[in-house]
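Report on the structure
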Amino acid sequence: MAILNNRLTTEQYEQNFSDIHPPFETREAALVEANRCLFCYDAPCTKSCPTSINIPKFIKQITTDNLKGAAYTILDANIMGGGCSKVCPVEKLCEGACVYNLLDEPPIPIARLQRYSTEKAIAQKWPLFQRKPSVGKKVAVVGAGPAGLSCAHVLSREGVDVTIYEKESKGGGLMTYGIAAYKVTPQFCEDEVNFITSLGGITIKYDQELGRNLTLAELQAGYDAVYLGIGVGVARHLGIPGEDLEGVEDAIRFIYDIREKGYPAVPVGDKVAVIGLGMTAIDAATQAKRLGAKEVTIVYRRTQAEMPSTEVELNLAKLDGCNLIWLASPKEILGENGRVTQLICNVMELSVPDTSGRRTPVETGETITLDVDMVIKAAGQIPYEELVTNNQLTNWYGKLAINEHCETNIPGVFAGGDCVNGGKEVVDAVQAGKDGARAILKKMSERANE
Amino acid sequence: MADLSTNFLGIKSPNPYWLASAPPTDKKYNVLRAFEAGWGGVVWKTLGSQVKNVSSRYSAVDYNGTKVMGLNNIELISDRPLDINLREIAECVREFPDRAMVVSLMADNTREKWHELIAQVEDTGAHGLELNFGCPHGMTERGMGAAVGQDPEIAKMVVEWVMEKATIPVITKLTPNVHSVVPTGRASVEGGTNALSLINTIQSVTGVDLNTLVPNPYVAGKSVYGGYCGPAVKPIALKMLTTIAQDPVTSRVPISGIGGISTWKDAAEFMLLGATSVQVCTAVMKHGFRIIDDLCDGLNNWMDEKGFKTVYDFIGKSVPTITHWEDLDINYHIVANINQDKCIHCGLCYIACEDTSHQAINLTYGKPYNTYSIIENECVGCNLCKLVCPVDDCITMVEQRKGDEYLNWKEFQRRGLPLNDH
């Protein structure tokens, strides 16, 4: 057993990482589906979208050949509506709420239609939005992820000059660095960021990290307001012996490397265990398999009823041939010569529900042993607790506390997205960015009226 | 198995389905294919003076992804030489003697020309003649087609010429491009026509190309008014048919129904409103002759279910049910009911009623699904909610009479009963 890179041919990589949600090839194909839409009133799909995209409206616009209007309807509500059409777990959001489900008919493929409506607009940078004249206000946004970009776009449309500070060398945040490559390509992520900034009034400064080469005090001094969209960090520690062995990987790092370095450069084991069963765990497991791992086993301490991933995502993993072990919690990682050889898990059983309403897994006393050479940790991500605490920002185990106006305990410093909620969907972060921008604008106008 | 055969003034056909006078019937090749497929008869594309057609000829109206809801054409009568048409008609009659062969005619406007044409056509062995008083384009400028059908006196005169000569049954085809089809219908009956058929196409402009800004169909930068047909015109045709079926003069002769018939259901409706045979064109131009299978099969099954042994058991059966508005029963009242088990919460009933009707549907907010219920006191029983509901039988209209007795508007007024107060 060994951890190796470059396991496949170029053709195999291309095939394994091709888009799993292919777009409509033709206008006619899109129209067949668009015309199925009932144009619901106060539509359940819209109500199930965190950014409240007026879905029946944009689908109606497709049917009238008003693609520009459709793109505006989507992007006005969600500036990352293009990316969301590829990465949203629509089965539990818009498409899950489509009334056709109640007729036991397939729901409208909203995500594909959304992609159809936005793809050209983004690739060709249609000037859908006009920026109001500058109002002479400046806002610093930390993090060029979905929350930060969304916040910046709303602010800039209102004439505010925005500077985004990003610790990586590319924008997009988790969209660019944290999602399986077969869902959204690096090229698309770059195009999406460029589309957002094509509005004007938004400058992104890369390789600028809060706490490293940037301080909150500087930003507060130099700007009328600061918005923190710093996301969450590395994968949660398992807190078990053997975690330092060679071959124990952080899922976020693993996914990041695939996107940043390219498929052949990323090493993967022969036998891989993935800990956890959220979206990130699925993305890590499927991509490990697609990089050429012979055997991938997902280990989850509860049952399918409690899993955070959707069934659609779980099926992706199953179709890729990943194994699943339910009710197994990592106990210890064993190794030889400093390298991972085995993962020992406690066999669990479900007990009484916890505060989240999910039944708590408890140890049965039995264990199982898996022969593995790689362990990928994907049991949630940890907020930047040290960073926010050092900046005197009120937080709860690292998650920033904000009031109903999206403002932290420090006046003029706003926050939203994963750094506040601990890690949700891209679409939730986009909405958080919109909310933050509106709160900042409101505060600015209140100050102006004082 | 019901008996679908019809006898239209002695013109027999194994089923009531004839192909209307149009491109599908302009030559032997098509007609033989139609007969092989099972069509009961054809009305051969109009013969008359020599014409020349243009390109393009058709344009259509699509609706919500469905192609050719309505079809528009600017094609004229047959542009093939008369002798070839006549020879082919004779050959078709010989090969399929059990099918109805009616020939559509539009002679130049003289008695002699009509007599000459009729004699030539009768020599083919055709079973009947149909007078084209309806073509709305091209021929009208020459004083033919709709120009005849729009003037009852001219129509009557031409019918009289025809009847002097014809020895086989004559059907006069009416144009819908008039305020009422009844005056020309009556004049034709008074002139001696053996039967009527309707409707011909309705003058139309199907649309304007938003790139070239020239309407359709496009002919070298220009367009002309065309004749509209297909499913879109069916309700208009049914109304005109009913007026002919109800008029004391025109109802004396059999009627061949035409206008957007695509399915056996459409055909049954035309027959219930007085048509003895029905003619089809647009549906075959879209799908080919093969649709005859279900046209016959569906009608047959429906007749069996209803206990109708022959088509004559139901032809005209619905005619008396269309009455005058002032004879309608004002005490009849229905209110909508939403079956909550079937409701899919699309809200279409709500927004239709709220924005455009009587605010008789209550919305109870839910995430993501709202609940909709009827406010019975506000519901006027208009049907709109039921019509827009995408689920069959989810919304039903429940009878809640305002009074036991039949009460019409005249009586209502005579008694001085109260009008609405809001």
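A word on the overall build of chain A
Helices and strands together make up the secondary structure of chain A, namely 18 helices and 15 strands. Scaling as 2.2 N^0.38, a compact globule of 450 residues should have a C-alpha radius of gyration of about 22 Å, and chain A matches this with 23 Å. Overall, the C-alpha framework of chain A stretches about 65 × 55 × 45 Å when taken along its three principal axes. Residues classed as buried in chain A amount to 54% of the 450 residues present. Considering only intrachain contacts with a sequence separation of at least 6, the fraction spanning at least 24 residues in chain A is 72%. Counting only carbon and sulfur atoms, one obtains 49% of the accessible surface of chain A, whose full area is about 19100 Å². When the 46 basic and 57 acidic side-chain charges of chain A are each reduced to a single mean position, those positions are 5 Å apart.

Comments concerning the pattern of salt bridges
Within this structure, the stated rule accounts for 43 salt bridges over all chains. If you follow the salt bridges from partner to partner, you end up with Asp19, Lys86, Arg115 and Glu119 of chain A in one network.

What about the pairing of strand S5 (residues 58-63) of chain B?
Residues and elements named next belong to chain B. The pairing of S5 with strand S6 (residues 66-73) spans five bridges and is classified as antiparallel. Following the sheet pairing, Ala60 is matched in S6 by Leu71. Between S5 and S6, which pair antiparallel in sequence order, lie two residues; one of them, Asn64, sits at a positive phi of approximately 45°.

Overview of the packing of aromatic side chains
Residues and elements named next belong to chain A. Across all of its chains, the model carries 17 aromatic pairs over all chains by this definition. Both rings, one in Phe17 and one in Tyr263, keep their centres 4.1 Å apart while their planes meet at 15°; by these two values the pair is stacked. Remark: Tyr263 occurs in the loop between helix H13 (251-261) and strand S6 (271-275) and Phe17 occurs in the loop between helix H1 (10-16) and helix H2 (27-34); sequence separation between them is 246 residues. Assessed through its relative accessible area of 22%, Tyr263 is described here as partly exposed. Through pairs of rings, three or more aromatic residues link up here, namely Tyr13, Phe17 and Tyr263. Across the ring face of Tyr100, the terminal group of Arg36 is positioned such that the distance to the ring centre comes to 4.6 Å. Here Arg290 stacks its cationic end above the ring of Tyr182, 4.0 Å away from the centre of that ring.

Considering the side chain of Thr6 of chain B
Its location among the elements puts Thr6 of chain B in strand S1 (residues 6-8). Not counting residues up to four positions away in its chain, the partners in contact with Thr6 of chain B are Ile11, Lys12, Ser13, Asn15, Pro16, Thr276, Val311 and Tyr312 of chain B.

A look at the confidence of the model for chain B
Taken residue by residue, chain B gives an average pLDDT of 96. The fraction at 70 or more is 98%. Complex prediction metrics read pTM 0.93 and ipTM 0.91.

Considerations on unusual backbone geometry
With an omega of 10°, the peptide bond running from Leu198 of chain B to Ile199 of chain B counts as cis. Examined against the element boundaries, Ile199 of chain B turns out to sit in the loop between strand S10 (195-198) and strand S11 (202-204). Cis rather than trans, the peptide bond between Lys367 of chain B and Pro368 of chain B has omega equal to 0°. For Pro368 of chain B, the position within the fold is in the loop between strand S16 (361-364) and strand S17 (371-374). Residue Asn6 of chain A is not a glycine yet carries a positive backbone phi of 55°. Within the fold, Asn6 of chain A resides in the segment before H1.

Some points on the interface of chain B and chain A
Each side of the interface is counted separately: chain B has 19 residues, and chain A has 15 residues. Summing the contributions of chain B and of chain A, the shared interface buries around 1300 Å²; its carbon and sulfur component is 64%. If you sort the residues of chain B by the area they bury against chain A, Ile344, Pro368 and Tyr369 of chain B come out on top, with a joint share of 37%. At the boundary of chain B with chain A, the tally comes to zero salt bridges. Examining the composition of the side of chain B that touches chain A, we find that three residues originate from one element, helix H11 (residues 348-356) of chain B, more than from any other. Grouping the amino acids of the side of chain B that touches chain A by side-chain chemistry returns twelve nonpolar, six polar and one charged.

Focus: the domain arrangement of chain A
If you check the domain split of chain A, you get domain 1 (21-123), domain 2 (138-232 + 383-448) and domain 3 (235-381). On a C-alpha basis, the centroid separation for the pair domain 1 of chain A and domain 3 of chain A is 33 Å.

Concerning the sheet that holds S10 of chain B
Residue and element names in this part refer to chain B. Spatially, eight strands are ordered S3-S4-S7-S8-S9-S10-S13-S14 in a closed barrel, and the strand pairing comes out parallel. Neighbour-to-neighbour, the strand axes of the sheet open up by a mean angle of 25°, direction not taken into account. Examined bridge by bridge, strand S4 (residues 41-48) and strand S7 (residues 100-106) share six bridges and lie parallel to one another. By the bridge assignment for S7, Leu47 is matched with Leu105. Sitting on the sheet, helix H1 (residues 28-37) touches strand S3 (17-19), S4 and S7, and the angle it makes with S4 is about 165°. Strands S3, strand S13 (255-258) and strand S14 (275-280) of the sheet are contacted by helix H8 (residues 264-272), whose axis makes an angle of about 145° with S14.

Focus on the packing of helix H5 (residues 67-77) of chain A against helix H8 (residues 110-123) of chain A
All names here are of chain A. At their nearest, the axes of H5 and H8 sit 8 Å apart, and the two run at 100° to each other. With respect to H8, the element H5 is oriented roughly perpendicular. Contacts between H5 and H8 involve Leu67, Ala70, Ala71, Ile74 and Leu75 from the former and Gln114, Tyr116, Ser117, Thr118 and Ala121 from the latter. Tallied by class, the residues present in the contact of H5 with H8 amount to seven nonpolar, three polar and no charged.

Focus: the pairing of S6 of chain A
Residues and elements named next belong to chain A. Burial within S6 is extensive, with four of its five residues counted as buried. Where S6 lies against strand S7 (residues 295-299), five bridges are found, and the strand directions are parallel. Each bridged residue has a counterpart across the sheet, and for Lys271 the counterpart in S7 is Glu295. The parallel pair S6 and S7 is bridged by helix H14 (residues 279-290), and the resulting crossover is right-handed.

Comments concerning H2 of chain A
Along an α-helix, residues three or four apart share an orientation, since each turn contains 3.6 residues. Residues and elements named next belong to chain A. The set of residues buried in H2 consists of Ala30, Leu31 and Ala34. Buried residues of H2 fall within an arc of 100° about the axis and therefore sit on the same side. Where H2 is buried, its residues meet helix H4 (55-63) and H8.

Criteria and thresholds
- Residue indices follow the written sequence of each chain, beginning from 1 at its first position.
- As they are written, the chains are lettered A onward and the ligands numbered 1 onward, keeping that order.
- Selection of residues for local features in this predicted model requires a pLDDT of at least 70, selection of side-chain atom pairs for listing and counting requires 80 or more, and totals for whole chains, interfaces and linings are taken over all residues.
- The basis for the side-chain values is all heavy atoms of the structure; hydrogens and waters are excluded.
- By definition, any uninterrupted DSSP run of H or I lasting at least four residues is a helix, any uninterrupted run of E lasting at least two residues is a strand, and each is numbered from the N terminus.
- For the radius of gyration, the atom set is restricted to C-alpha positions; the globular benchmark scales as 2.2 Å times the number of residues to the power 0.38.
- Relative accessibility thresholds used throughout: buried, under 20% of the residue-type maximum; exposed, over 50%; partly exposed, between the two (1.4 Å probe, protein chains only).
- Whether two residues are in contact is decided by their heavy atoms: any pair within 4.5 Å suffices.
- Computed with a 1.4 Å probe, the accessible areas rest on the Shrake-Rupley method; for each residue, only the protein chains presented here act as cover.
- When charges are tallied, Lys and Arg are placed among the positive residues and Asp and Glu among the negative ones, while His and the ends of the chain are skipped.
- In plain terms, the charge of a residue is placed at NZ if it is Lys, CZ if Arg, CG if Asp and CD if Glu.
- One speaks of a salt bridge when a side-chain nitrogen belonging to Lys or Arg is within 4 Å of a carboxyl oxygen belonging to Asp or Glu.
- One requirement defines pairing of two strands: DSSP has to find at least two bridges between them.
- Ring pairs shown here join Phe, Tyr and Trp side chains whose ring centres sit within 6.5 Å, with only the six-membered ring taken for Trp; geometry is labelled stacked below 30 degrees between planes, edge-to-face above 60, and tilted in between.
- Definition used: whenever NZ (Lys) or CZ (Arg) falls within 6 Å of the ring centre and also within 35 degrees of the ring normal, the charge is taken to sit over that ring.
- Residue-level confidence of the predictor is what pLDDT reports, using numbers from 0 through 100.
- Take the accessible area each of two parts loses on contact, using a 1.4 Å probe, and add the two losses: that sum is the buried area.
- Polarity classes work like this: nonpolar for Ala, Val, Leu, Ile, Met, Phe, Trp, Tyr, Cys and Pro, charged for Asp, Glu, Lys and Arg, and polar for all others, with Gly in that last group.
- These domain boundaries are the output of an automatic or database domain assignment.
- Fitted lines through C-alpha atoms give the axes, limited to the stretch in contact for helices. The angle between two N-to-C directions lies from 0 to 180 degrees.
- Should an angle fall under 35 degrees it is called roughly parallel, over 145 degrees roughly antiparallel, and 65 to 115 degrees roughly perpendicular, with every other angle called oblique.
- By definition, the crossover connecting two strands over a helix is right-handed if that path, from the first strand to the second, turns clockwise as seen with the strands pointing away from the viewer.
- Each direction from the helix axis to a C-beta atom contributes to the arc, which is the arc of those directions.

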